[in-house]
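Letter by letter, the chains look like this.
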Amino acid sequence: MTTTKNIKSALVSVFSKDGLEPIIKQLHDQNVTFYSTGGTEEFIKNLGIPVIPVEDVTSYPSILGGRVKTLHPKIFGGILNRQDNDQDAEQMKEFDIPQIDLVIVDLYPFENTVASGAAEEDIIEKIDIGGISLIRAAAKNFRDTLIVASVDQYAPLLDLLKEKNGETSIEDRKKFATHAFHISSHYDSAIFNYFNTEDSKFKISIANGQELRYGENPHQKGFFYGDFDAMFKKLHGKELSYNNLLDVDAAVNLILEFRNDQPTFAILKHNNACGLASRPTIKEAYLAALAGDPTSAFGGVLISNVEIDVETATEINKLFCEVVIAPGFQDQAIEILSEKKNRILLVQNPIELPSKQVRTCLNGLLVQDRNNVTDQASDLKTVTKVAPSDTEISDLIFASKICKNTKSNTIVLAKNQTLIASGTGQTSRVDALKQAIEKANTFNFDLQGSVMASDAFFPFPDCVEIAKNAGVTAVIQPGGSVKDQLSIDYCDENKVAMVFTGTRHFKH
C-alpha cells in the first residue's frame with residue numbers, strides 16, 4: 001500500500017481557536033468532511049462550513065458536564081484502524097465506523113490554570129481526558145492518521161495542506177506524531193508535578209528548546225532548553241553561545257542578591273565576579289567595578305541592577321564585552337552600546353527563577369533547592385571581643401553576597417562596597433586567600449581596613465592570620481568547625497572582628 005495519504009476527513013476538537021479559521025477553510029476547499037463537538041463545532045458552523053456533530057456518529061450526547069464527548073469506539077476506531085489490515089477494514093464496515101484521516105486537538109490549559117492560582121476544583125477540570133486520548137491514538141497510528149496536537153502546529157499544518165494539496169507522506173505524519181507525543185508527555189509531567197509530594201520522584205519537561213552554535217567547546221553539540229524570551233528581551237547582538245548563557249545565569253543570580261540595594265554593577269568572567277561595586281550612581285558603580293580587575297573584564301558579561309543611562313553606556317562602550325544586562329536602557333544608551341554589532345544587549349524581565357537546581361551526575365541527576373539564603377545583618381553573631389563597626393558590617397554583608405555566588409573554595413576581600421579581589425575555585429582556602437591578596441596587590445588596592453568573607457568555616461587560624469597581616473580588620477564566615485575557637489582566639493589577640501552566619505555557601 002502507498003504511504004502517501006489523502007486527507008478526506010478530519011476530527012477537530014480544540015480549546016483555542018486562534019489560527020484555526022484558515023485551516024478549516026483550506027480543508028473545506030479540499031473537500032474534507034468535518035467531525036466536531038461543542039464550541040469547535042459551533043466555530044466551524046459559523047464559518048458557513050458543514051460539520052457532523054460527534055453525537056451523530058456515536059449516538060451519544062456530550063455527557064457528565066462535557067467530561068465525556070469523544071470517548072467512543074466509533075471515534076477511536078476511525079482513528080486507530082489500520083487501513084492495510086483486512087480484519088480492521090471488515091470491522092469498520094460492520095460497525096459503520098467513519099474513517100478519520102486528520103485529528104486536530106488543542107488541550108485544556110492545565111499549566112496556565114495552575115499558574116493563575118486557581119482553586120483545585122478548577123485545576124482538576126482542566127485535566128484533559130478526551131483530547132489527550134485522541135492525541136495518543138492518532139500519533140500511535142501515524143502510518144494512516146495525521147495528528148496536530150497544539151496551536152503551534154497550526155501554521156506547519158496549513159503550509160503542508162497548501163504545498164501538497166491535502167496529501168501527506170509517512171515522514172510528514174511521523175514528524176507530527178513525534179511532536180504530539182512531546183505534547184502529551186509534557187502535559188502528563190505537568191499534571192504529575194502538580195500532584196507529586198514525594199521528593200523521591202522527579203520529572204522535568206521543558207517544552208522550548210534551541211540548538212546553539214556549539215557547546216562549551218566547538219567540538220561539542222550544545223542546546224538550551226527553556227523560555228529565554230520570558231526572562232529577557234534581546235535588543236541587539238549575536239546569538240548567545242553555551243558559555244554566554246552560563247555567564248548570564250551566573251550574572252542574574254549574583255545581581256539578584258543586590259536587587260534592593262543602591263545602584264550596583266557587576267562584571268563576570270567564567271561564572272565568577274571579577275568586579276563588583278555599589279555606588280550612588282550606576283556610572284560610579286561601573287567604574288569602580290571595572291577598576292577591580294580591568295584585565296579580566298575584557299570579554300566579560302556585565303550586569304546592572306538599575307537602568308543603564310547614557311553616561312554609563314559611554315563608559316561601557318570603551319570596553320570589549322560580550323553581554324550587557326540591565327532592567328532597562330535609555331534609548332540613547334542602546335544606540336551607543338549597539339555600535340559594536342556583536343555585543344549582546346538584554347533587558348531582564350522581572351521573573352522568578354526555578355526553585356530547584358538540576359545537574360547531571362554519573363548516570364543520573366542531582367537535584368537541590370535553590371540557595372535562597374542571603375546573609376543579613378540580623379543573622380550575624382559576633383564571636384570576638386571586638387565587634388565590627390557599622391561600616392564593616394555593611395562591607396561584610398556585601399562580601400558575603402559575592403562569596404555565595406563564587407566557585408568554592410573562595411575567599412572574597414571587599415572594602416567600601418567594592419570587590420577588591422577574590423580567590424576562586426581553589427582546592428585550599430589558604431590558596432584562595434593568597435590568590436585574592438596577590439590580585440589586590442597587582443591592582444594596587446589598599447587592603448588596610450578591608451573585610452574578608454569565606455564560603456565555609458576555617459578549620460585552622462592560618463587564614464585569619466594571613467588576612468590580618470594583609471590589613472583585614474573584620475571577617476565573616478559560617479562557623480561550625482570543631483576548631484572555631486582557634487580562629488576566635490587569634491582574632492581576639494590581634495583585635496580583628498569576626499562574625500558567624502551559621503550558613504555555609506558552597507558553590508561547586
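What you see is a predicted model; the values in this text were computed from it and never measured. (Residues numbered from 1 in each chain as written. Predicted model: local features only at pLDDT ≥ 70, side-chain atom pairs only at ≥ 80, totals over all residues. Heavy atoms only, no water.)

## Some remarks on the overall build of the protein chain
A tally of helices and strands in the protein chain yields 19 helices and 23 strands. Against the compact-globule benchmark of 23 Å for 508 residues, the protein chain has a radius of gyration of 31 Å, which places it well outside the compact range. Based on the C-alpha atoms only, the size of the protein chain along its principal axes is roughly 100 × 50 × 40 Å. In the protein chain, which comprises 508 residues, the proportion classed as buried is 49%. Within the protein chain, contacts between residues separated by at least 24 positions form 56% of all contacts whose residues are at least 6 apart in sequence. Between the centroid of the 51 positive side chains of the protein chain and the centroid of its 67 negative side chains there is a distance of 4 Å. (Helix = DSSP H or I, 4+ residues; strand = E, 2+ residues; numbered from the N terminus. Rg over C-alpha atoms; globule rule 2.2 N^0.38 Å. Buried < 20%, exposed > 50% of the residue type's maximum accessible area, 1.4 Å probe, protein only. Contact = heavy atoms within 4.5 Å. Lys, Arg positive; Asp, Glu negative; His and termini not counted. Charge placed at Lys NZ, Arg CZ, Asp CG, Glu CD.)

## With respect to the sheet that holds strand β20 (residues 419–423)
Overall, mixed pairing links the six strands, which are arranged β18-β23-β22-β21-β19-β20 in an open sheet. Each end of this open sheet is capped by a strand with a single partner; those strands are β18 (381–382) and β20. Summarising the sheet, strand β19 (residues 411–414) and β20 pair through four bridges and their orientation is antiparallel. If you follow Leu413 over to β20, its bridge partner there is Ala421. Running at roughly 145° to β20, helix α17 (residues 429–442) makes contact with β19, β20 and β21 (450–454) of the sheet. (Pairing = 2+ DSSP bridges. Axes fitted to C-alpha atoms, helices over the stretch in contact; angles between N-to-C directions.)

## Some points on the pairing of strand β16 (residues 356–361)
Consecutive side chains along a regular strand alternate between the two faces of the sheet. Alignment of β16 against strand β17 (residues 364–369), held across six bridges, turns out to be antiparallel. Its bridge partner being in β17, Val358 is matched across the sheet by Val367. With antiparallel pairing between neighbouring strands as the criterion, β16 and β17 make up a hairpin whose turn holds two residues, including Leu362 at a positive phi of roughly 55°.

## Comments concerning helix α16 (residues 390–404)
Helix length check: α16 (15 residues) gives 21 Å between terminal C-alpha atoms against 21 Å at 1.5 Å per residue, within 8%. Of all the 15 residues making up α16, eleven are buried; the element is thus mostly covered by neighbouring parts of the structure. All of the buried residues in α16 are Glu392, Asp395, Leu396, Ile397, Phe398, Ala399, Ser400, Lys401, Ile402, Cys403 and Lys404. (Expected span 1.5 Å × (residues − 1).)

## Examining the sheet that holds strand β2 (residues 9–14)
The five strands lie next to each other as β4-β3-β2-β5-β6, forming an open sheet whose pairing is parallel. Of all the strands in the sheet, the pair left with one neighbour each is β4 (52–53) and β6 (146–148). The pairing of strand β3 (residues 33–36) with β4 spans two bridges and is parallel. Along β4, the bridge assignment pairs Ser36 with Pro53.

## Notes on the packing of aromatic side chains
Tallying each qualifying case throughout the model produces ten aromatic pairs. Where Phe110 meets Tyr194, the ring centres are 5.9 Å apart and the plane angle is 85°; that geometry is what we call edge-to-face. Here Tyr194 lies in helix α10 (residues 170–195) and Phe110 lies in helix α6 (residues 110–115), a separation of 84 residues in the sequence. The positively charged end of Lys203 is found above the aromatic ring belonging to Phe192, 5.2 Å away from the centroid. (Phe/Tyr/Trp six-rings, centres within 6.5 Å; stacked < 30°, edge-to-face > 60°. Lys NZ or Arg CZ within 6 Å of the ring centre and 35° of its normal.)

## As for a nonpolar patch on the surface
Side chains of Phe202, Ile204, Ile206, Phe223, Tyr225, Val358, Leu365 and Val367 sit close together on the surface and give an oily, nonpolar patch of about 720 Å² of accessible area. Of all the secondary-structure elements, those providing two or more residues to the nonpolar patch are β9 (223–225) and β17. Relative to the elements of secondary structure, Phe223 occurs in strand β9. Under the relative-accessibility criterion, Phe223 is labelled partly exposed at 38%. (Patch = residues over 30% accessible without salt bridge, like charges linked within 9 Å, V, L, I, M, F, W, Y side chains within 5 Å. Areas by Shrake-Rupley, 256 points an atom, 1.4 Å probe, with all protein chains shown as cover. Salt bridge = Lys/Arg side-chain N within 4 Å of Asp/Glu carboxyl O.)

## Quick look at the nonpolar core
In terms of nonpolar packing, the biggest core is built from 40 residues, with Phe232, Val248, Leu276, Ile303, Ile325, Leu346 and Ile402 touching the most fellow members. If one sorts the elements of this core by residue count, helix α12 (residues 242–256) sits on top with seven residues. Beyond its immediate chain neighbours, meaning those up to four positions away, Ile325 contacts Phe232, Val248, Ala251, Val301, Leu302, Ile303, Ser304, Ile308, Leu346 and Gln348. Counting residues in hydrophobic clusters, the runner-up holds 30 residues, among them Ile75, Phe76, Phe110 and Ala137. (Core = buried A, V, L, I, M, F, W, Y, C linked by side-chain atoms within 4.5 Å.)

## Notes on the pattern of salt bridges
Scanning the model with the defined rule gives 15 salt bridges in all. In this structure, Lys5 engages Asp144 in a salt bridge whose closest nitrogen and oxygen atoms are separated by 3.0 Å. Placement of Lys5 in strand β1 (residues 5–6) and of Asp144 in the loop between α8 (130–140) and β6 is noted, with a sequence separation of 139 residues between them. Here Lys5 and Asp144 have matching classes, each one buried. Taking the shortest distance from any N to any O, the salt bridge between Lys356 and Asp369 comes out at 2.6 Å. Of the two residues, Lys356 sits in strand β16 while Asp369 sits in strand β17, which places them 13 residues apart along the sequence. Relative accessible area serves as the criterion here: at 51%, Asp369 is assigned to the exposed category.

## Overview of the side chain of Thr40
Looking at where Thr40 falls in the secondary structure, it is placed in helix α2 (residues 38–46). The buried category is assigned to Thr40, whose relative accessible area is 2%. Apart from residues lying up to four places away in sequence, Thr40 is in contact with Val12, Ser13, Val14, Lys17 and Leu20.

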